[in-house]
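# Descriptive structure summary
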Amino acid sequence: MARRSAEALAINGGAKAVTSLECKDVPKIGIEEFIELADTFGFSEEAKAAIRAVIEKENVPSPMLSRYYNPRPSKVKMLEELAMQLFDVPYVLAVNSGTSALNTAYVAAGIGPGCEVIVPGYTFFATVAEVVTAGAIPVIAEIDESLTIDPADVERKITPHTKAIVPVHMIGTCADMDAIMAIARKHGLLVIEDAAQACGASYKGRRVGTIGDFGCFSISSYKITGGGEAGLVMTHDPYLYTRAQNNHDTGACWRPDRYAKEREAGELFCGYNYKLSELEGSVNLVQLRKMPDQVRRWQKTKRQITRQLRHFAGITPQQVRDPDGEVGNHLVFFAPDAQAAEKTAAALAAEGVGASTRGCKSARDWHLYAFWEHILERKSATPAGCPWSCEKNAGLGQDYSPDMCPRTLDILSRAVFIGINQWWTERDCDQIAGAINKVLEAYYEPLDGEIGW
Ligand SMILES: Cc1ncc(COP(=O)(O)O)c(C=O)c1O
């Protein structure tokens, strides 16, 4: 076959081989995805047909569902900016779950082999699991009657290997941050707040999650605020923020130039992909806007109940570190023993109050350390046994056992939990308070004194 002359090439001024293509470009993402979303939200066939009829009229180009290269303002970025404003913190990184928020904060803080991290014995397992996935060794501390980590036990458990303390703000209340920050400063430790269950709570005027070196939030649909699966990482430190950004984006982070060389030691390292999608970002942007009103409603509802409660011998209300700052989505009190707690919760349920207990039941519960066999038995994803077998971790940690935190087991076994609905009316609250007083009066000796917890 005769060779064509190079002069015929379009690059050299010849005619183009491809002039126009006949195909009709169909947006890769568009109408069908929108209808699928309508289905997720539970719209009827009739409603979906109506939605389809409207959106088919508009020829919308494929949207970018990632924050990068998005022609429209990124919803994830807007979510981060909203959080910066609501939490009064300069750096917020949106990620795809509370678990990835924790992993990101731990890795960014430099937690890894050779480090011990002190966590409470009562928290969702993610708080401790991510210490292990980061390559470090968790040390489990007792809780106190606030249901959060006991600062005195934290101090007892500090060793030369301790790198960080993780206070967890459980069920809308806050940990004793003054005591924890003082201990951390005294021993030169980092504080990483797990605020997954307390989005919007504050401690002495500051939102929880903004007091320590890092704050980690879950804003997944089963949390106080949120929808879908999502998380937030907050910090005041630009260097920690850059490292967090690096961890959440495979190590290819924008600083602000994605392809720049490392500007500072520790800026670039291999990470994960924990990015939040624009779809989840848009849902959570709407959700987070509701947070201040939600918290106000819950606080008002809880107060309307607690102001009517009477005092009884043997019944102790949960120690709330900042009554004006807690979210107020739970009312907890302690009975004299586990059996009394079970009996009281059953009587409350019979009266129509959703009450529960945990701890003395045989049912497994990932919130209680005694069931964390992954930790107690030092389980590993591979036969090599890392991070437990890692040379840098030799001699670290404690002798794990199901009864190593007896105070935590005792406190939880006696706790009666009542979930509060932010939408209860004043009459609903009066009925709930009446039912609690009725049950407590039947089983416990009323104490003289002021009414109101
Ligand atoms: C205290 C605590 N930390 C972390 C998490 C993990 O959050 P996510 O489920 O969004 O990964 C949870 C979730 O239940 C939690 O309760």
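Residues numbered from 1 in each chain as written. Predicted model: local features only at pLDDT ≥ 70, side-chain atom pairs only at ≥ 80, totals over all residues. Heavy atoms only, no water.

## Comments concerning the packing of aromatic side chains
If you walk through the whole model with that rule in mind, you get 10 aromatic pairs. Their ring planes at 80° and their centres at 5.7 Å tell us that Phe 333 and Trp 453 sit as a pair that is edge-to-face. On the criterion of sequence distance, the pair formed by Phe 333 in strand S11 (residues 330-334) and Trp 453 in the segment after helix H13 (426-443) is long-range, its members being 120 residues apart. Look at Trp 453 and you get partly exposed, because its relative accessible area is 26%. Geometrically, the ring pair formed by Tyr 443 and Tyr 444 is edge-to-face, given 6.4 Å between the ring centres and 85° between the ring planes. Residue class for Tyr 443 comes out partly exposed when judged on its relative accessible area of 38%. Aromatic rings pair up to connect Tyr 68, Tyr 69 and Trp 254 into one cluster. (Phe/Tyr/Trp six-rings, centres within 6.5 Å; stacked < 30°, edge-to-face > 60°. Helix = DSSP H or I, 4+ residues; strand = E, 2+ residues; numbered from the N terminus. Buried < 20%, exposed > 50% of the residue type's maximum accessible area, 1.4 Å probe, protein only.)

## Quick look at the nonpolar core
Here is a general trend for soluble globular proteins: nonpolar side chains tend to be buried in one another's company. Of all hydrophobic cores here, the largest spans 70 residues; its most connected members are Phe 87, Leu 232, Leu 288, Ile 305, Leu 348 and Ile 436. Once you skip the residues sitting within four places of it in the chain, Phe 87 turns out to touch Cys 199, Gly 200, Arg 207, Val 208, Thr 210, Phe 217, Met 234, Leu 288 and Met 291. If you look at the next biggest cluster of nonpolar residues, it comprises 57 residues, including Ala 101, Cys 115, Ala 136 and Ile 143. (Core = buried A, V, L, I, M, F, W, Y, C linked by side-chain atoms within 4.5 Å. Contact = heavy atoms within 4.5 Å.)

## Let's talk about the site of the ligand
With respect to spatial proximity, 16 residues lie near the ligand, and among them Thr 99, Asp 194, Ser 218, Tyr 222 and Lys 223 are the closest. Take Gln 197: an N or O atom from its side chain is 2.9 Å from an oxygen atom of the ligand. Between the ligand and the protein, one listed contact pairs an oxygen atom with a side-chain N or O atom of Ser 218 at 2.7 Å. Considering the ligand on its own, with 390 Å² of exposed area, one finds that the protein chains cover 93% of that surface. In a pocket analysis with a 2 Å cut-off to the grid points, the ligand is assigned to the second largest pocket. Only helix H4 (98-108) and helix H5 (126-133) provide two or more residues apiece to the shell around the ligand. (Near = heavy atom within 4 Å. Polar contact = N/O pair within 3.5 Å; in protein donor to acceptor, adjacent residues only side chain to side chain. Areas by Shrake-Rupley, 256 points an atom, 1.4 Å probe, with all protein chains shown as cover. 1 Å grid on protein atoms, 1.4 Å probe; cavity = no way out; pocket = protein on both sides within 12 Å on 5 of 7 lines; lining within 4 Å. Sits in = over half its atoms within 2 Å of the grid points.)

## Some details on the sheet that holds strand S12 (residues 355-357)
If you trace the 4 strands from one edge of the open sheet to the other, you get S10-S11-S13-S12, paired in antiparallel fashion. Pairing within the sheet leaves two strands with one partner each, and these edge strands are strand S10 (316-317) and S12. Pairing analysis gives 5 bridges linking S11 to strand S13 (residues 415-419), with the strands arranged antiparallel. The residue of S13 that forms the bridge with Phe 334 is Ala 415. Sheet strands touched by helix H10 (residues 338-351): S11, S12 and S13. Its angle to S12, the strand with the most contacts, is close to 160°. (Pairing = 2+ DSSP bridges. Axes fitted to C-alpha atoms, helices over the stretch in contact; angles between N-to-C directions.)

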